[in-house]
Amino acid sequence: MQKDDIREGTPDAPISPNGSIGVFDSGVGGLTVLREIVRALPYEDCIYLGDTARLPYGNKSRETVTRFAVKNAEFLVSAGVKFLVVACNTAASAGLDAVRDHVRIPITGVIRPEARRASSVSKNKKVGVIGTRATIKSGAYERAIHGFDPAISVSAVPCPLFVPLAEEGWFDDEVTRQVAERYLAGLATEGVDTLVLGCTHYPMLKQVIAETMGYDVTLVDSAVPIAREVMETLGEMGLLRKEPRDRRLTFYVTDDTTSFARVGEAFLGFGLDDVRHVDIVV
Ligand code: DGL
């Protein structure tokens, strides 16, 4: 099966199956991806990094986000990861290649798996994409979707306020509903039949987004396809842990640990026992 977005560097030393799966985002958003990885791979240790000191990434320049992404990746590699998931659409659209140049382990981003799925589920060939300003400005989704099907018309709309609303835990809230109506009204009238949630924070707002767009619009996010890719790639590389064991989930944040643990629990569906602070100098 063709892998979406998997880029493999040449390892300096053999990668150990005892390593962890590393996942990063600017904040809690990437936990929507981690949740599926944890479900699919019950014996794997995972290390999650939320770069909360520098959140949001979505309003920053490509150069700045790329610098952050490279530093995050280097930190996770130094912490012993065997596979890296860039669970941040903004970072993946800005700097996946730069990260690959710095890191000698398999890496996956979140753009192509969603683009591929959106291209295959859209019947009327009208696809909407929502994401941060930086992701939408990058044009990464248009390129990826047109790579699968050039006939699809793509309408892309930035929804920057969705990130703080999700970080705040306002998943089902009147304010979120009003913001959604304002951002999505145009897309809803354009008749898109598929909407890509191009930011890992947005699946937490799925209910409100679905209500606003109408339930006949298919919402696409990256979590399940990414978890599948991680599992298949580790299997093919002989890096999968197969023996039942108690696995470790470790969380690092670059700012306050308490609020991350609180909101993170709602994203993951279980308590975060081991949340540590780390300073990452960029
Ligand atoms: N969750 C991130 C993304 O997928 C970024 C949100 C932000 O920091 O603006 O784009």
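Above this text sits the structure in question.
Residues numbered from 1 in each chain as written. Predicted model: local features only at pLDDT ≥ 70, side-chain atom pairs only at ≥ 80, totals over all residues. Heavy atoms only, no water.

Participant: Summarise the overall build of the protein chain; cite the residues concerned and give the values.
Facilitator: For the protein chain, the count of helices and strands is 11 helices and 10 strands. For the protein chain, the spread of C-alpha atoms along the three principal axes comes to 50 × 40 × 40 Å. Counting only residues that meet the buried cut, the protein chain has 57% of its 282 residues in that class. Long-range pairs, those at least 24 residues apart, make up 78% of the contacts in the protein chain between residues at least 6 apart in sequence. Of the roughly 11,800 Å² that the protein chain leaves accessible, carbon and sulfur atoms contribute 49%. On the protein chain, the mean spot of the 32 positive side-chain charges and the mean spot of the 38 negative ones are 4 Å from each other. (Helix = DSSP H or I, 4+ residues; strand = E, 2+ residues; numbered from the N terminus. Buried < 20%, exposed > 50% of the residue type's maximum accessible area, 1.4 Å probe, protein only. Contact = heavy atoms within 4.5 Å. Areas by Shrake-Rupley, 256 points an atom, 1.4 Å probe, with all protein chains shown as cover. Lys, Arg positive; Asp, Glu negative; His and termini not counted. Charge placed at Lys NZ, Arg CZ, Asp CG, Glu CD.)

Participant: For the nonpolar core, give the residues involved together with the corresponding values.
Facilitator: Ranked by size, the top nonpolar core spans 94 residues in total, and within it I37, V85, I130, F162 and I209 carry the most contacts. No other element matches helix α2 (residues 62-78), which puts 7 residues into this core. Sequence-distant contacts of V85, defined by excluding residues within four places in its chain, comprise I21, G22, V23, F24, V33, I37, T108, I226 and V230. (Core = buried A, V, L, I, M, F, W, Y, C linked by side-chain atoms within 4.5 Å.)

Participant: Residue-level account of the pairing of strand β9 (residues 249-253), with values.
Facilitator: Burial analysis of β9 places 5 of its 5 residues in the buried class, the great majority of the element. Where burial is concerned, the two faces of β9 agree: the one with L249, F251 and V253 and the one with T250 and Y252 are both buried. Of the strand pairs in this sheet, strand β2 (residues 46-50) and β9 are connected by 5 bridges, and their pairing is parallel. In the sheet register, Y48 faces β9, and the bridge partner there is F251. Handedness of the β9-helix α11 (residues 257-268)-strand β10 (residues 275-277) crossover: right-handed. (Pairing = 2+ DSSP bridges. Right-handed = clockwise from strand over helix to strand, strands pointing away.)

Participant: Can you lay out the sheet that holds strand β7 (residues 194-198) for me, pointing to particular residues and giving the numbers?
Facilitator: Taken together, 4 strands build an open sheet; the order of strands is β6-β5-β7-β8 and the sheet is parallel. In this open sheet, the two edge strands, each paired with only one partner strand, are β6 (153-158) and β8 (218-220). If you compare each strand with its neighbour and ignore which way they point, the axes differ by 20 degrees on average. Pairing between β7 and β8: 3 bridges, direction parallel. Within the sheet, the bridge partner assigned to L195 lies in β8 and is L219. In this fold helix α6 (residues 140-148) packs onto β5 (126-131), β6 and β7, with an angle of close to 160 degrees to the strand it touches most, β6. (Axes fitted to C-alpha atoms, helices over the stretch in contact; angles between N-to-C directions.)

Participant: Describe in detail the site of the ligand, supporting the description with residues and values.
Facilitator: Around the ligand, the surrounding shell holds 13 residues, and the nearest of these are S26, Y57, N89, T90 and H201. Here T200 contributes a backbone N or O atom positioned 2.9 Å from an oxygen atom of the ligand. Within the contact set of the ligand, a nitrogen atom lies 2.7 Å away from a side-chain nitrogen or oxygen of H201. When isolated, the ligand has an accessible area of 300 Å², and the protein chains bury 99% of it. Across the shell around the ligand, the residue classes tally to 5 nonpolar, 7 polar and 1 charged. (Near = heavy atom within 4 Å. Polar contact = N/O pair within 3.5 Å; in protein donor to acceptor, adjacent residues only side chain to side chain. Nonpolar A, V, L, I, M, F, W, Y, C, P; charged D, E, K, R; others polar.)

Participant: Tell me what's going on with unusual backbone geometry, and back it up with residues and numbers.
Facilitator: Of all residues except glycine, most have a negative phi; of all peptide bonds, most are trans. For the peptide bond that leads from L55 to P56, omega is -5 degrees, which places it in the cis range. Within the secondary structure, P56 sits in the loop between β2 and α2. Of note, the phi angle at K125 is positive, near 60 degrees, even though the residue is not glycine. Summarising the element assignment, K125 is placed in the loop between α4 (111-121) and β5. Of the residues examined, K125 reaches a relative accessible area of 34% and is grouped as partly exposed.

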